[in-house]
Amino acid sequence: MSCNTGCKTGEIRIPAVSGYMVKVYTIASGKGGTGKTTVTANLGPMLAQYGKKTCILDADVGMANLGLILGLENLPVTLHEVLAGKARVRDAIYDGPFGVKVVPCGLSLQGFQQSSPDRLKDVMTDLVSEFDILIMDAPAGISRDGVIPLTIADGVILVVNPEISSIVDSLKTKILTETVGGHVEGAIINRVASSGDEFNRAQMEKLLGVRVLGVVPEDPNVRRASAGRSPIVVKYPTSSASRAFKRISADVAGIEYVEEEVPEPREGFVDRLARALFRVKA
């Protein structure tokens, strides 16, 4: 949808709630396992931390995981009930880290079967008056359920791993998005190895045909944070992946990111003992 005057790229005005402006992003990938949900779970809290009223929504109705990462489980009302017409979306909004609001999906197969993805557009319309930024975690692949989030967003952000299969599948998602009238905002390259050949950002942008919004390095703390039901930006705020998510979030929020000083690791007992022994020998 478009504005008559004064709109910037990536902003929409919904006629049903004229006067409100919101940016809607869909986080998508061509294949599963790229870290799409992890990206959503970390961008949302950081955007809220940067002062944006932010809501993240798990649009992966069949394979929902966003709630698990954020520690939101066994909830009375989820997006499943909303898409089944049994509840209002306001009843499915929960508090997340740093003040981000979360609309999780249920985990039951029955809830999935009763859901109607076609209602998603109505759900988003009900939310736009409340937030500055809405982020949808879309299903991986190019299924019918995955197409809807691509069409109703202002910008689609592709999550890509630096491997040929992920790149090819992301190109398919990009083509599909453009075919259905959507817009690809850019790509986040996730799980980039810190060793080996240096990552070539310019080459990746040329391959994908879109701007690379950021590069997230492979970081074992991502798995540790997920196991602890917490985003890495909360659990391990100074880790390499956390700093990358913060840079990307600042870019999306339109603010300048100031690099944080990483504190020196505290010296353990064994290190102090070894240092003392070597000093004595010297």
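Predicted model, so just to flag it, every value in this text is computed and none were measured.

*Asks:* Tell me about the overall build of the protein chain, and name the residues and values.
*Replies:* A count of helices and strands for the protein chain gives 12 helices and 9 strands. Relative to its 282 residues, the protein chain shows a buried fraction of 48%. For the protein chain, long-range pairs separated by at least 24 residues make up 70% of all intrachain contacts whose partners lie at least 6 apart in sequence. Summed over all atoms, the accessible surface of the protein chain reaches about 14300 Å², with 51% contributed by carbon and sulfur.

*Asks:* How would you explain the layout of surface pockets if you had to name every residue and give the values?
*Replies:* Each pocket or cavity is described by its volume, and for the largest pocket that value is around 450 Å³. If you trace the largest pocket, you find 23 residues lining it, with Gly33, Thr34, Gly35, Lys36 and Thr38 closest to the centre. If you list the elements that add at least two residues to the lining of the largest pocket, you get α1 (36-49), β8 (184-192), β9 (212-217) and α9 (220-227). Classifying every residue of the lining of the largest pocket gives 7 nonpolar, 10 polar and 6 charged.

*Asks:* Could you give an account of unusual backbone geometry, with specific residues and numbers?
*Replies:* For residues that are not glycine, phi is negative in most cases, and the peptide bond is trans in most cases. Positive phi is not limited to glycine here, since Asn74 has a value of about 55 degrees. By secondary structure assignment, the location of Asn74 is in the loop between α2 (66-69) and α3 (79-83). Residue Asn74 is classed as exposed on the basis of its relative accessible area, which comes to 80%. One non-glycine residue, Arg191, lies in positive phi territory at about 65 degrees. With respect to the helices and strands, the residue Arg191 is situated in strand β8.

*Asks:* Explain helix α7 (residues 164-179) to me, and be specific about the residues and the numbers.
*Replies:* In this model, α7 (16 residues) spans 23 Å end to end at C-alpha, consistent with the 22 Å of a helix rising 1.5 Å per residue. All of the buried residues along α7 are Ser166, Ile167, Asp169, Ser170, Thr173, Lys174, Leu176 and Thr177. Buried residues in α7 make contact with β2 (21-28), α6 (144-152), β7 (155-160), β8 and α8 (201-208).

*Asks:* I'd like to hear about the nonpolar core, residue by residue, with values.
*Replies:* Generally speaking, a soluble globular protein has its nonpolar side chains buried in company with each other. Ranked by internal contacts, the top residues of the largest apolar core, which has 59 residues, are Leu57, Leu134 and Met136. Apart from the residues within four sequence positions on either side, Met136 is in contact with Val24, Tyr25, Thr26, Ile27, Leu57, Ala59, Leu120, Met124, Pro149, Ile152 and Ala153. If you look at the next biggest cluster of nonpolar residues, it comprises 16 residues, including Val160, Val184, Ala187 and Val192.

*Asks:* So, the side chain of Ser29: which residues are in play, and what are the values?
*Replies:* Within the element layout of this structure, Ser29 appears in the loop between β2 and α1. Residue classification places Ser29 among the buried residues on the basis of a relative accessible area of 1%. A distance of 2.8 Å separates a polar atom in the side chain of Ser29 from the backbone oxygen of Lys31.

*Asks:* Lay out the pairing of strand β6 (residues 133-137) with the relevant residues and their values.
*Replies:* Two faces belong to every sheet, and in a regular strand the side chains alternate between them. With 5 of its 5 residues buried, β6 lies for the most part within the structure. With burial as the criterion, each face of β6 is covered, one bearing Ile133, Ile135 and Asp137 and the other bearing Leu134 and Met136. In this structure, β2 lies alongside β6, joined through 5 bridges in parallel fashion. By the bridge assignment for β6, Val24 is matched with Leu134. Alignment of strand β3 (residues 54-58) against β6, held across 5 bridges, turns out to be parallel. Paired with Asp58 across the strands is Asp137, a residue of β6.

The rules behind the values
- Residues numbered from 1 in each chain as written.
- Predicted model: local features only at pLDDT ≥ 70, side-chain atom pairs only at ≥ 80, totals over all residues.
- Heavy atoms only, no water.
- Helix = DSSP H or I, 4+ residues; strand = E, 2+ residues; numbered from the N terminus.
- Buried < 20%, exposed > 50% of the residue type's maximum accessible area, 1.4 Å probe, protein only.
- Contact = heavy atoms within 4.5 Å.
- Areas by Shrake-Rupley, 256 points an atom, 1.4 Å probe, with all protein chains shown as cover.
- 1 Å grid on protein atoms, 1.4 Å probe; cavity = no way out; pocket = protein on both sides within 12 Å on 5 of 7 lines; lining within 4 Å.
- Points joined across faces, edges and corners; volume = space filled by probe spheres on them.
- Nonpolar A, V, L, I, M, F, W, Y, C, P; charged D, E, K, R; others polar.
- Expected span 1.5 Å × (residues − 1).
- Core = buried A, V, L, I, M, F, W, Y, C linked by side-chain atoms within 4.5 Å.
- Polar contact = N/O pair within 3.5 Å; in protein donor to acceptor, adjacent residues only side chain to side chain.
- Pairing = 2+ DSSP bridges.

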